[in-house]
Amino acid sequence: MEWLIGLACSAGIAGTAYSKRLLSGSGFFAAVMLGTVMYALGSAVWFGSLIAFFVSSTLWSKWKKHAKEEAESGYEKTGRRDAGQVLANGGLGLLLCAANWACPHPLWWYAFLGVMAAVTADTWATEIGGLSRTPPRSIKTGRRVPPGTSGGVSGLGVAASLAGGLFIGAVAWMLLAVPGQSAPDAAAAALRPVAWVGIAGLAGIIGSLADSWIGATWQQMYRCVACSREIEQARHCGRPAVRIRGRAGWNNDAVNVAGSLAGGTSAVSLALALGLAGM
């Protein structure tokens, strides 16, 4: 029954996104697979956290979209999310959910919470921070960089990343009110609301900043031969761009995975420091 419920819910949500051109065909199938398996192996708390990320990020991506077009024009991927983007943002979370199903332990949950907080924080930082009236600064050098530059951060973006992480923690806590749900760290009832929200908020901002640092250091970047703009795309202005820095294979999806891993690791570390892992 869990598989059927997961399939129905995932297909309904992904189908709506596909009809509104928010997901490509490959993105639709990846989202359905991801959601179905996560619901079947996890619970409403795990599945709902994933959906909270997807829905909130989609809404923010559409908010004042025209005002963000210039910054987004240099991104490797924009518009409809494909399978690579779906798996980069949710694949690690699915592996953690499966690990908890096979060998239950509270640390799997905290790692998952940190991963989902990180991908949400990073997406919110990109979508909301792109509207900052103050030009971003490079996370490495502190110098001002054009909007949309990989590794660029702004005050608005950092605030948005913190809000995104806190949002995931709050959603996870509220999902415990669903009938029949039990917390992955069931013995930590007294601390759970503060712990979950606080850990998610910190893990989110750590993961988002790690994403920015890796993007500024390792991500493949190119320069357009026509407009001289630094971009993530191998082609721009209808012409091949020149690679100027970065490591082979480190595209936007790889950077997102690394940032989410940083968020998950930090959440586990925080849970251990607070003594929640054995509760």
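In what follows, the structure referred to is the one given above.
Residues numbered from 1 in each chain as written. Predicted model: local features only at pLDDT ≥ 70, side-chain atom pairs only at ≥ 80, totals over all residues. Heavy atoms only, no water.

### Topic: the overall build of the protein
The number of helices and strands found in the protein is 9 helices and 7 strands. Going through the 279 residues of the protein one by one, you find that 50% of them count as buried. Long-range contacts, defined as pairs at least 24 residues apart, comprise 71% of the intrachain contacts of the protein with a sequence gap of at least 6. (Helix = DSSP H or I, 4+ residues; strand = E, 2+ residues; numbered from the N terminus. Buried < 20%, exposed > 50% of the residue type's maximum accessible area, 1.4 Å probe, protein only. Contact = heavy atoms within 4.5 Å.)

### Quick notes on the side chain of Asp122
With respect to the secondary-structure elements, Asp122 resides in helix 6 (residues 106–129). We note that Asp122 is buried and unpaired, the nearest opposite charge coming from Arg81 at a distance of 9.3 Å. (Lys, Arg positive; Asp, Glu negative; His and termini not counted. Salt bridge = Lys/Arg side-chain N within 4 Å of Asp/Glu carboxyl O.)

### Notes on the sheet that holds strand 3 (residues 221–223)
If you trace the 3 strands from one edge of the open sheet to the other, you get 4-3-7, paired in antiparallel fashion. On the outer flanks of this sheet lie strand 4 (230–231) and strand 7 (242–245), each paired with one strand and no other. Here strand 3 pairs with strand 7 via 3 bridges, running antiparallel. Bridge pairing links Met221 to Arg245 in strand 7. (Pairing = 2+ DSSP bridges.)

### A closer look at the packing of helix 2 (residues 25–41) against helix 3 (residues 44–62)
Axis separation between helix 2 and helix 3 bottoms out at 7 Å; the angle between their running directions is 155°. Compared by their axis directions, helix 2 and helix 3 come out roughly antiparallel. As for the relative orientation of helix 2 and helix 3, their crossing is right-handed in sense. Contacts between helix 2 and helix 3 pair Leu34, Gly35, Met38 and Tyr39 from the former with Trp46, Phe47 and Leu50 from the latter. The residue makeup of the contact of helix 2 with helix 3, split by class, is 6 nonpolar, 1 polar and no charged. (Axes fitted to C-alpha atoms, helices over the stretch in contact; angles between N-to-C directions. Parallel < 35°, antiparallel > 145°, perpendicular 65-115°, else oblique. Left-handed = near helix turned anticlockwise from the far one by under 90°. Nonpolar A, V, L, I, M, F, W, Y, C, P; charged D, E, K, R; others polar.)

### Digging into helix 6
Under the 1.5 Å per step criterion, the end-to-end length of helix 6 is 33 Å for 24 residues, consistent within 8% with the ideal 34 Å. In terms of burial, helix 6 is a largely internal element, 21 of the 24 residues being buried. (Expected span 1.5 Å × (residues − 1).)

### Considering a nonpolar patch on the surface
A cluster of nonpolar side chains, Met1, Leu4 and Ile5, forms an exposed patch at the surface whose accessible area comes to about 330 Å². Residue placement: Ile5 occurs in helix 1 (residues 2–19). (Patch = residues over 30% accessible without salt bridge, like charges linked within 9 Å, V, L, I, M, F, W, Y side chains within 5 Å. Areas by Shrake-Rupley, 256 points an atom, 1.4 Å probe, with all protein chains shown as cover.)

### A closer look at the nonpolar core
Membership of the largest hydrophobic core comes to 46 residues, with the highest contact counts inside it found for Trp109, Met116 and Trp196. Among the elements of the structure, helix 1, helix 2, helix 3, helix 5 (83–102), helix 6, helix 7 (155–175), helix 8 (192–217) and helix 9 (252–273) are those that each provide at least two residues to this core. If one sorts the elements of this core by residue count, helix 6 sits on top with 9 residues. (Core = buried A, V, L, I, M, F, W, Y, C linked by side-chain atoms within 4.5 Å.)

### So, the environment of Ile199
Here Ile199 is to be found in helix 8. On the basis of relative accessibility, which here comes to 2%, the residue Ile199 falls in the buried class. Considering only alpha carbons, one finds Ile199 and Leu274, 75 residues apart in sequence, at a separation of 9.9 Å. Setting aside its immediate chain neighbours within four residues, Ile199 contacts Tyr110, Ala267, Leu270, Ala271, Leu274 and Leu276.

### Quick look at the packing of aromatic side chains
If you walk through the whole model with that rule in mind, you get 10 aromatic pairs. Chaining the aromatic ring pairs together yields one cluster made of Trp46, Trp109, Phe112 and Trp196. (Phe/Tyr/Trp six-rings, centres within 6.5 Å; stacked < 30°, edge-to-face > 60°.)

### What about the packing of helix 3 against helix 7?
Two numbers describe how helix 3 lies on helix 7: the axes approach to 9 Å, and their chain directions differ by 140°. It follows that helix 3 is oblique to helix 7 by the angle criterion. Between helix 3 and helix 7 lies a crossing of right-handed hand. In this structure, helix 3 contributes Ala44, Val45, Gly48, Ser49, Ala52, Phe53 and Ser56 to the contact, and helix 7 contributes Phe167, Ile168, Val171, Ala172 and Leu175. Its residues placed into classes, the contact of helix 3 with helix 7 shows 9 nonpolar, 3 polar and no charged.

### With respect to the environment of Gly215
Tracing the backbone through its elements, the reader meets Gly215 in helix 8. Sequence-wise, Gly215 and Gly246 are 31 residues apart; in three dimensions their C-alpha atoms are separated by 8.6 Å. Not counting the four nearest positions on each side in its chain, Gly215 is found in contact with Ser150, Arg245 and Val255.

### Some details on helix 3
Each turn of an α-helix holds 3.6 residues, which means side chains three or four residues apart point in the same direction. The terminal C-alpha atoms of helix 3, which comprises 19 residues, lie 26 Å apart, in line with the 27 Å expected from a rise of 1.5 Å per residue. With respect to burial, helix 3 is a largely interior element, 15 of its 19 residues being buried.

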